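Listed here are the chains, written in short residue letters.
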Amino acid sequence: MWALVPEVIAYGEYTTGKRIAGIVNALTGIFFKAGMALGGVVPGLVLAWVGFNADAAQQTPMALQGILWLVCVIPALLLLLAIFIISKYELSDEKMDEINREIEARHLAE
């Protein structure tokens, strides 16, 4: 995923003529931090919702089901979502080479 950041920056420069590296990196950092925050909050909310008791020697069936969802089902669904989103990414290596050549030609012409 991090390999896509330079491509987004180059594509932005190609389409707008402005190098938006700072904006792209700032937004990437914000979303990374938001994801980390959600990753810390969601498990606690799910465990509270299913009645998980850390002091219990044996968990209820609902709590066990919640743990299953946390370690298997939710990550699988998020992976499928990520696969779908990445499948919509249209920049190929050939297109990026063409974009980089065009940007370089613009800079040489200046």
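Residues numbered from 1 in each chain as written. Predicted model: local features only at pLDDT ≥ 70, side-chain atom pairs only at ≥ 80, totals over all residues. Heavy atoms only, no water.

A. The arrangement of the pattern of salt bridges in detail. Following the criterion strictly, the structure yields 3 salt bridges and no others. In this structure, Glu102 engages Arg106 in a salt bridge whose closest nitrogen and oxygen atoms are separated by 3.4 Å. In this pair, Glu102 and Arg106 are both assigned in helix H4 (residues 93–109), 4 residues apart and thus about one turn of the helix distant. On the basis of relative accessibility, which here comes to 36%, the residue Glu102 falls in the partly exposed class. (Salt bridge = Lys/Arg side-chain N within 4 Å of Asp/Glu carboxyl O. Helix = DSSP H or I, 4+ residues; strand = E, 2+ residues; numbered from the N terminus. Buried < 20%, exposed > 50% of the residue type's maximum accessible area, 1.4 Å probe, protein only.)

B. Representation of the packing of helix H1 (residues 4–16) against H4. Direction vectors running N to C along H1 and H4 enclose 50°, while the axes themselves pass 10 Å from each other. Of the possible angle classes, the one that applies to H1 and H4 is oblique. In terms of crossing hand, the pair formed by H1 and H4 is left-handed. Between H1, through Glu7, Ala10, Tyr11, Glu13 and Tyr14, and H4, the contact on the second element is made entirely by Lys95, Met96, Glu98, Ile99, Asn100, Glu102, Ile103, Arg106 and His107. (Axes fitted to C-alpha atoms, helices over the stretch in contact; angles between N-to-C directions. Parallel < 35°, antiparallel > 145°, perpendicular 65-115°, else oblique. Left-handed = near helix turned anticlockwise from the far one by under 90°. Contact = heavy atoms within 4.5 Å.)

C. Layout of the nonpolar core. One finds Ala10, Leu91, Met96, Ile99 and Ile103 forming the largest nonpolar core, which totals 5 residues. The element that contributes the greatest number of residues to this core is H4, accounting for 3 residues. Among all residues touching Ile103, those that are not within four sequence positions of it are Ala10, Glu13 and Tyr14. (Core = buried A, V, L, I, M, F, W, Y, C linked by side-chain atoms within 4.5 Å.)

D. Region of the structure containing the confidence of the model for the chain. Confidence in the prediction of the chain, expressed as mean pLDDT, is 92, and 99% of residues score 70 or more. When the elements of the chain are averaged for pLDDT, H1 gives the smallest value, 90, and helix H3 (residues 61–87) the largest, 94. (pLDDT = per-residue confidence, 0-100.)

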